Amino acid sequence: MSYQNLLLEQPESGIHLLTVNRPKALNALNAATLEELQRAVAAVAADPAARVLLVTGSGERAFVAGADIAEMCGFSAAQAQAFSERGMRVMSALEALPVPVIALVNGYALGGGCELALACDWIIAAEGAVFGQPEVNLGIPPGFGGTQRLARIVGRARALELVTTARQLPAAEARAIGLVNEVVAASALRERGIEVARTIACKGPQAVRLAKQAVHRGLDQNLAGGCAFETAAFALAFATSDQREGMHAFLEKRVAKFSGG
Ligand code: DAK
């Protein structure tokens, strides 16, 4: 599958690395890039051997500096709606991937770029990364789920401050408010992402998928509903060969060899 604005690689077995690659526009998301992102996410979803997806931006300055302002500038309301719907579909598809998705934020993650990172399961940031929802500077509100996901992650008051003031946060502050899990040197970002992905890739693949699904399903409903889903996921794991392998390996004091079955 060929892409003009993305790179989709597999640095190691089961580990996919998606790079938004429009460095001249600081990796801004135009409609063509969103369409390619949709295809790339679908390709990862269709790979039964996938274990983790890492998402980053090319170059040293930006993860993604937002939706493409030059393209959006002349939109009619109908075009804006279609663009927002396309972006929303991409973010939802990313979030719904069965495998963990980790954003490696290497620079500016602004507007649609911050929203792309928020749609990933968690964020590892380079020391110089900058986060923000500056849309109100342009006379628009966020349009790819930023008002919703940001509030769920950092809480109502912080999200409201960020989306109404357009204040940009350095990586250390983003970590302090729970937007970012970990901050590393820029030179170590890719390797740290692969290291975390490797840790996940050697666990029981079905168990990882079920655990991810349970967390997401639970956050969309009340505690009782979430716990009911967790019970079903737990029971389902006992129909897998990986559960038997994992438990026998523990009892036999050896490393488990998971097959994904
Ligand atoms: N779109 C298009 N081009 C961009 C861009 C963007 N978001 N960000 C940067 N660029 C381009 C610049 O125009 C410049 O291009 P040339 O002039 O070289 O051709 C090149 O990237 C380098 O940028 P700068 O020269 O500005 O670099 P600086 O280091 O001086 O500044 C910056 C870096 C990231 C602080 C600055 O570029 C900046 O403020 N960029 C815009 C950031 C921003 O406002 N992002 C939010 C975009 S709005 C919706 C759907 C979606 C959305 C909202 C609603 N609906 C339809 C409802 C989402 C909106 C957004 O994401």
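Keep in mind that this is a model prediction, so the values were computed, not measured.

K.L.:
What should I look at first to understand the layout of surface pockets in this one?
P.N.:
By rolling a water-sized probe across the atoms, one finds the places where empty space is left. Estimates place the volume of the largest pocket at around 820 Å³. Lining the largest pocket we find 30 residues, and of these Glu-95, Asp-121, Val-215, His-216 and Leu-219 sit closest to its centre. Of all the elements in the fold, those that place two or more residues in the lining of the largest pocket are α3 (77-95), α4 (112-118), β7 (122-126), α5 (146-154) and α9 (205-219). Of the residues in the lining of the largest pocket, the class split is 17 nonpolar, 5 polar and 8 charged. Here the second largest pocket is characterised by a volume of approximately 450 Å³. Lining the second largest pocket we find 23 residues, and of these Ala-67, Met-72, Glu-135, Ile-140 and Pro-141 sit closest to its centre. When contributions to the lining of the second largest pocket are tallied by element, the ones reaching two or more residues are α2 (69-72), α3 and α4. Taken together, the residues of the lining of the second largest pocket break down into 15 nonpolar, 6 polar and 2 charged.

K.L.:
I would appreciate a short explanation of the packing of aromatic side chains in the present structure.
P.N.:
The description of an aromatic ring pair uses the distance of the two centres, along with the angle that the planes make with each other. Counting across every chain of the model gives 3 aromatic pairs. Judged by centre distance (5.4 Å) and plane angle (50 degrees), the rings of Phe-83 and Phe-144 are tilted. Note that Phe-83 is positioned in helix α3 and Phe-144 in the loop between β8 (130-132) and α5, a separation of 61 residues in sequence. For Phe-83, a relative accessible area of 6% corresponds to the buried category. Assessed through its relative accessible area of 4%, Phe-144 is described here as buried.

K.L.:
Would you take a moment to explain the nonpolar core for this structure?
P.N.:
A general trend in soluble globular proteins is that nonpolar side chains are found buried together. The biggest cluster of nonpolar side chains holds 49 residues, and the ones touching the most others in it are Val-55, Phe-63, Leu-94, Val-105, Phe-131 and Leu-179. The element best represented in this core is helix α1 (residues 31-45), accounting for 5 residues. Judged by nonpolar contacts, the second largest core, of 15 residues, contains Ile-102, Val-184, Ile-200 and Val-208.

K.L.:
Hey, could you run me through empty space enclosed by the protein in this one?
P.N.:
Under the criterion given, the structure shown has 2 cavities of 30 Å³ or more. Size it by volume and the largest cavity reaches roughly 40 Å³. Taken together, Ala-50, Arg-51, Val-99, Ile-200, Pro-205, Val-208 and Arg-209 make up the lining of the largest cavity. With 3 residues, α9 is the largest single contributor of residues to the lining of the largest cavity. Residues of the lining of the largest cavity, tallied by class, amount to 5 nonpolar, no polar and 2 charged. Taken as a whole, the second largest cavity spans an internal volume of roughly 30 Å³. Lining the second largest cavity, in full, are Cys-114, Phe-131, Gly-132, Gln-133, Leu-150, Leu-162, Arg-167, Leu-169 and Leu-179. Looking at the lining of the second largest cavity residue by residue, the class counts come to 6 nonpolar, 2 polar and 1 charged.

K.L.:
Before we go on, may I ask you to explain helix α8 (residues 189-201) in this structure?
P.N.:
With 13 residues, α8 extends 18 Å between its outermost C-alpha atoms, agreeing within 8% with the 18 Å of an ideal straight helix rising 1.5 Å per residue. Within α8, burial applies to Leu-189, Gly-193, Ile-194, Val-196, Ala-197 and Ile-200. For α8, the arc enclosing every buried residue in end-on projection is 160 degrees, short of the 170-degree limit, so these residues lie on one face.

Cut-off values and rules
Residues numbered from 1 in each chain as written. Predicted model: local features only at pLDDT ≥ 70, side-chain atom pairs only at ≥ 80, totals over all residues. Heavy atoms only, no water. 1 Å grid on protein atoms, 1.4 Å probe; cavity = no way out; pocket = protein on both sides within 12 Å on 5 of 7 lines; lining within 4 Å. Points joined across faces, edges and corners; volume = space filled by probe spheres on them. Helix = DSSP H or I, 4+ residues; strand = E, 2+ residues; numbered from the N terminus. Nonpolar A, V, L, I, M, F, W, Y, C, P; charged D, E, K, R; others polar. Phe/Tyr/Trp six-rings, centres within 6.5 Å; stacked < 30°, edge-to-face > 60°. Buried < 20%, exposed > 50% of the residue type's maximum accessible area, 1.4 Å probe, protein only. Core = buried A, V, L, I, M, F, W, Y, C linked by side-chain atoms within 4.5 Å. Expected span 1.5 Å × (residues − 1). Arc of directions from axis to C-beta.

These figures come from the coordinates and say nothing about function on their own.
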